[in-house]
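Fold and geometry: a report
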Amino acid sequence: MRKRRLAALPLVGAALVLGIFAATATGSGKKATSGGVFRLGTASGIDSLNPYVAFNQDAYSTFEYIYPVLVQLNSHLHYAPFFARSWKSSNGGKTWTFKTQPHAKWSDGKPLTAADAAWTINTDIKYQKGGAANEAGLIAHIKNATAPNATTLVVHYKQAAGNVLGQFQQFFILPKHIWAQHIGNKGTGLKTFANPAPVVGSGPFNLVKYTKNQITIFQPNPTYWGPKPKVAEFGLQQYTSDDAMVEALKTGRLDAIEAVPATTMKTLRSAGFVVSKVPGLDQTDFIINSNPKKKHHRELLNLKVKEAFDHAIDRKKIVSVTFLGAARPANSIIPATTGSWHNPHIKTVSFNLKLANHILDKLGYKKGPGGIRVAHGQKMSYNVITPTDVQSIPRTFQILQTDFAKIGVQLKQQALDSTTAFTKMSGPNNTYQGFDLAMWDWTALIDPDFMLSVVTCAQYGGWSDTGFCNKHYDKMYSQQQLTPNQTKRRQIVWKMQSYLYKQRPYLWLANDDSVSAVSKKWAGFKNTPQGPFNELNISTLTQVHQK
Amino acid sequence: MRGTDYVLKRVGFAIVTVFVAVTINFVLFRLAPGTAVSNLSRVPHATQQLRHALEVQFGLDKSKWQQYVIYLKQLAHGNLGISYENEQPVSTNLRIALINTLPMVTLGTVFAIVFGTFTGVIAAWRRGTKTEGLTVSSALGFYAMPTQWLGLMLIIIFAGVLPTGGMTNEFLLNPPFWTHVKDLASHILLPALTLGLVLYGEYTLIVRSAMLETLGEDYILTARAKGLKPRTIVRKHALRNAMLPITTLIALSLGYIVAGAILIETVFSWPGIGRAVYEAVLQRDYPMLEGAFLVLTFSVIFFNLVADLLYFKLDPRITE
Amino acid sequence: MSEASLFVEAPPEAGTKSSRGFLLRTLRHQPAAMAGALFLVSMTVTAILAPWIAPYPLHEQVGPVFGPPSWQHLLGLDDGGIDMVTLLIWGLRTSLVVGFAATFVSMVIGGTVGVVAGYFGGGIDTVLMRITDYFLVIPDVPLMIVVAAIWGPSLFHIIIVIGILLWTSTARVLRAQVKSVRERVYVKRARALGAGHTRIVVRHVLPQVAPLLIASTVLTIAVAIFDETALSFLGLGDPSNISLGRIIENAFERAAISTGAWWAIVPPGVLVAMLILACSLVGGSLEDALNPRLRVAHLSARTFRLRPLVGRGEDAL
């Protein structure tokens, strides 16, 4: 009978489908031995295994675990030895000598020496306008590097640089015997090499399996020259849905989550998980187009107007509603989490609507129809560009919108994906004429050089999202970059922060915490300002172990 | 011969449509503001040189017409270009994504067709009874639910029992065969079920109305007058003749299913083609987008063609 | 969503000419469709009256984040501490606006194409049908994603893009109907008497196709609402106008399920489903009432007697 035949179909179909599925989707790698498998869930993921292509944070954290890095940042955020056991600078800071690990090997057995480090540096210098453009910022001011013997690396600078260790802390040394054959034309081959698993590297872990947008599996590296990890295997699994990820943790399919959604902190705590909240390096900001050549709405260039806006921001409310307390009010381009790089004399601007209204009144911007002020004949009504991939922004925007309305300024949200947002903000030919206000976030590094660079004139069309361009500031920037004495450098960095505080290209909103969660069955899982799985050091995953 | 004419015409039309689709896809994406370059160059440690290097590499410094010609040439060789995001061939990325989507979508569709036909026939057969009312109501109910919302509801219901994300438990390395099959089955169930429920509603209604139309035909009256049992009539005559509209409508909807899987794949973190399209849009990964659109449009055209040919084969009375 | 007719129901008595009478008569025979129509009307009224009947301000936090349902807040609070009932009312408004506006766009395009193609026939018909076929073949959700992402997710863009995708079924249905009307005697007589095309179309063709157009319109509204929720879910909805789709997306983004806040995610979905259901009921019953082939069924399992369908309205469905 037709109906019965049809009923058999789904069973046959399902069996066939699963059979084919099972045959094609096979696992790889050795079976994990005792020590357990540590499963970490993430909402972002690794976009590429090639350091010349990748730009997700998880990718950089991965490289931290599988490639040699000269120095790392310890738990006190000081530079500590890693592949380089010691270092000294000479020749007025123009020459740096690193003593590297002896008897080190790559995961395929070939020797790992200072020559690999020198090769990577020189290759990046040679192709910095081509395939190695990604790394160009890290090797700025370097003339060349040499390796007089297997454990000595000498780096020659054109000028004495102030952020040498900061740059090398992010610099991944690649195996010459693998990468030299992939250079291609003008180094473009460096970007097209997929660097597939199993990756030849040298770190506490080997990357043995990588399926994009799904899973990355690491196993301990037997040839590693440092402390062996306690865990037998660790995996990073990517989720597109926070709910699915939290459910997976709650039902035991995951052991930990990298970034816990603020709304689920309480639930996870009551479910018996260890939720760790640590001040983080991420800050959300309100951007005011500070291009001095701006044509429209020039009242936004007025420092008094920016100050009024700053007083209309209820940072306490943002912290409690958007981040449910897992954040603190922000006040500077260099977050307090960076330690002594943050200028402690900078105070958070107060939430004072009366004062804001007073400032705008004194400027003569009277309130017109609808309660919206008029400045130089134009309504103070602005589009605020927001990127759609920063989760906290929609809620924060609504808080700002409501409060700004109380000072007679109308805000309208224009949500765009990050690519379109940035294109609109920078405008054709990077003229920065196409927007007035925006919101975004920044994840700072420990060394302040990168964050300070984003408001320089040189970053037009690069990292600049404010259109800020100021000669005085640029002078201070190159000064700090070329000051080897860290104390003197710190003074300049503090001065720069005070200057920006008055110039206000950014109104800093909140510095959110890094919140992670781990099952009680595991110990040694450390959270850091950059999250548990980070680019600072390798302690989290080498120390985590089953109880 | 009229038959061959018809077939040739439909196939010819399909080919022309593919070409038009290809061109329009190219135009659509290149006219868009924002290129992958501006996104890719916002990387840590980036400088000005990077943007120019990327532009040259992806051929974005050439004129639009030149880019179009290069695109067509590559297409003729089956080369869909290189993805901006991970620098691998688009065809490889798409193939992997499709392989992931198809089992899930097939399972859901099979479920929907089987149960939809079953309930559709019952609803038509038990015309005017409570059974019919019940089946039609439930079909309508599922038909009306937003796909992503239904998926989220299933997650709420099955949270502890079934995995709520991903395709397999990737942490199992080299599992024994049956563990592997069980694992795959447990992961595919919810997304396939979501798709199946949404489609089942639609198919029930299609089958039911097709059956009722058929049951209203004169030859059914004749068959009844001849003394044939109702069950026989339904099975041997009504269902067979209702197969025509049923099959063509189902074939038509198949073409759209892959595209519709986007919502399900987002809810269940399923690494398939729907998700690939969505992420390619966010990354402005033009080669991926052009390739994915081509694949999706092609599948729709293909299934439309199949529906046309099936219709022709099943009903020789057809005229254009 | 397919073009299949959803219903097979009793037609009104033969000999009716007035469209409005036809509409009401059809609905009266089918309680479910009537209920659907009433629901739609009441939801539209609610949406229009939103500024006056919403219990709390839309942007003010009135309680804790994801506050549970209570007597003051029957459906609890969302992730910003905003009252859910208020959100649903305003969301309903935006969703209906998008649904109606997009449908209007698609009706204008589809109606024009269908009437012109059916009336003039020949070369014009072929060309228009080819264009229709091409639009049918575009994968709709991906196209909506691309357009919304590229042009920016404003309500206007969303309405246009949904409208551009939905006109094809209306065009086809109308074309068939117009073709049959064109062959009718009184039309031919009007042509013979020298009446212009416009006059014939407006005075003779349009009134005949109006019921079908209405049915098609209502069904398209259902699809437009669905498409809007899909777009919003993928983050491409207009952020300055809260819609039902955005409420679902917001809950999804802020992990409502894991927090146990089912009230943030179940009600908006139920409301969308009910809207789509209502539109489908109304539109489907109209469409089937107009389909002459569905008037008689020669077989019924219950009594195995020959029995016509006319007059069976009240206990069908």
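Residues numbered from 1 in each chain as written. Chains lettered and ligands numbered in written order. Predicted model: local features only at pLDDT ≥ 70, side-chain atom pairs only at ≥ 80, totals over all residues.

**What about the overall build of chain C?**
Looking only at helices and strands, one finds twelve helices and zero strands in chain C. Along chain C, helices (α) and strands (β) appear in the sequence α-α-α-α-α-α-α-α-α-α-α-α when read from the amino end. Counting the 317 residues in chain C, one finds 55% classified as buried. Intrachain contacts of chain C at a sequence separation of at least 6 include 71% that bridge at least 24 residues. (Helix = DSSP H or I, 4+ residues; strand = E, 2+ residues; numbered from the N terminus. Buried ≥ 20, exposed ≤ 12 C-beta atoms within 10 Å, placed from the backbone. Contact = placed C-beta atoms within 7 Å.)

**What about the overall build of chain A?**
A count of helices and strands for chain A gives 17 helices and 23 strands. For chain A, whose C-alpha radius of gyration is 26 Å, the value lies close to the compact-globule estimate of 24 Å for 547 residues. Dimensions of chain A, computed from the C-alpha atoms along their principal axes, are close to 85 × 75 × 45 Å. Within chain A, the fraction of its 547 residues that count as buried is 53%. The contacts in chain A between residues at least 6 apart in sequence include a share of 69% that link residues at least 24 apart. (Rg over C-alpha atoms; globule rule 2.2 N^0.38 Å.)

**Comments concerning the interface of chain C and chain A**
Tallying the contact residues gives 21 residues for chain C and 23 residues for chain A. When contributions to the side of chain C that touches chain A are tallied by element, the ones reaching two or more residues are α10 (244–253) and α11 (256–259) of chain C. Among the residues making up the side of chain C that touches chain A, the classes are represented as eight nonpolar, ten polar and three charged. (Nonpolar A, V, L, I, M, F, W, Y, C, P; charged D, E, K, R; others polar.)

**Focus: the packing of helix α6 (residues 130–144) of chain B against helix α12 (residues 266–289) of chain C**
Between α6(B) and α12(C), whose axes approach to 8 Å, the crossing angle comes to 125°. Comparing their axes, α12(C) and α6(B) come out oblique. By crossing handedness, the relation of α6(B) to α12(C) is classed as right-handed. Only C:Ala273, C:Ile276, C:Leu277 and C:Ser280 of α12(C) make contact with α6(B), whose side of the interface consists of B:Leu140, B:Gly141, B:Tyr143 and B:Ala144. Here the residues of the contact of α6(B) with α12(C) sort into six nonpolar, two polar and no charged. (Axes fitted to C-alpha atoms, helices over the stretch in contact; angles between N-to-C directions. Parallel < 35°, antiparallel > 145°, perpendicular 65-115°, else oblique. Left-handed = near helix turned anticlockwise from the far one by under 90°.)

**Some thoughts on the confidence of the model for chain A**
All names here are of chain A. Summary statistics for chain A give a mean pLDDT of 87 and a share of 94% for residues scoring 70 or more. Here helix α1 (residues 2–24) stands out as the least confident element of chain A, with mean pLDDT 45; helix α9 (residues 303–311) is the most confident, with 96. The model gives residues 1–13 a pLDDT under 50, and that stretch makes twelve contacts with residues more than four places away or in other chains. Every residue in residues 21–33 scores below 50 in pLDDT, and together they form 26 contacts with partners more than four places removed in sequence or on other chains. (pLDDT = per-residue confidence, 0-100.)

**Re the sheet that holds strand β4 (residues 84–90) of chain A**
All names here are of chain A. One open sheet holds the four strands; their spatial order is β4-β5-β9-β8, and the pairing between them is antiparallel. Single-partner strands in this sheet number two, and they are β4 and β8 (142–149). Averaged over all pairs of adjacent strands, the angle between strand axes in this sheet comes to 20°, irrespective of strand direction. In this fold helix α3 (residues 114–126) packs onto β5 (95–100), β8 and β9 (152–157), with an angle of close to 160° to the strand it touches most, β8. (Pairing = 2+ DSSP bridges.)

**Observations concerning the environment of A:Ser464**
Residue and element names in this part refer to chain A. Considering the arrangement of structural elements, one finds serine 464 in the loop between α14 (449–453) and α15 (471–481). In this structure, the C-alpha to C-alpha distance between serine 464 and serine 453, residues eleven residues apart in sequence, is 8.5 Å. Ignoring sequence-local partners within four residues, the contact set of serine 464 consists of Val454, Val455 and Gln459.

**Here's the deal with the nonpolar core**
Counting 323 residues, the largest nonpolar core has B:Ala292, C:Met144, C:Ile145 and C:Ile276 as its most contacted members. When residues of this core are assigned to their parent elements, the largest contribution, 19 residues, is made by helix α8 (residues 177–215) of chain B. (Core = buried A, V, L, I, M, F, W, Y, C linked by C-beta atoms within 7 Å.)

**Considering unusual backbone geometry**
Following A:Ala197, the chain continues into A:Pro198 via a peptide bond in cis, with omega recorded as -5°. Inspection of the secondary structure assignment puts A:Pro198 in the loop between α6 (189–192) and β10 (205–211). Non-glycine residue A:Tyr432 carries a positive phi angle of around 50°. As for its placement among the helices and strands, A:Tyr432 is situated in the loop between α13 (418–426) and β20 (437–443). Given 23 C-beta atoms within 10 Å, A:Tyr432 falls into the buried group. In this structure, C:Ala255 takes a positive phi of about 55° despite not being glycine.

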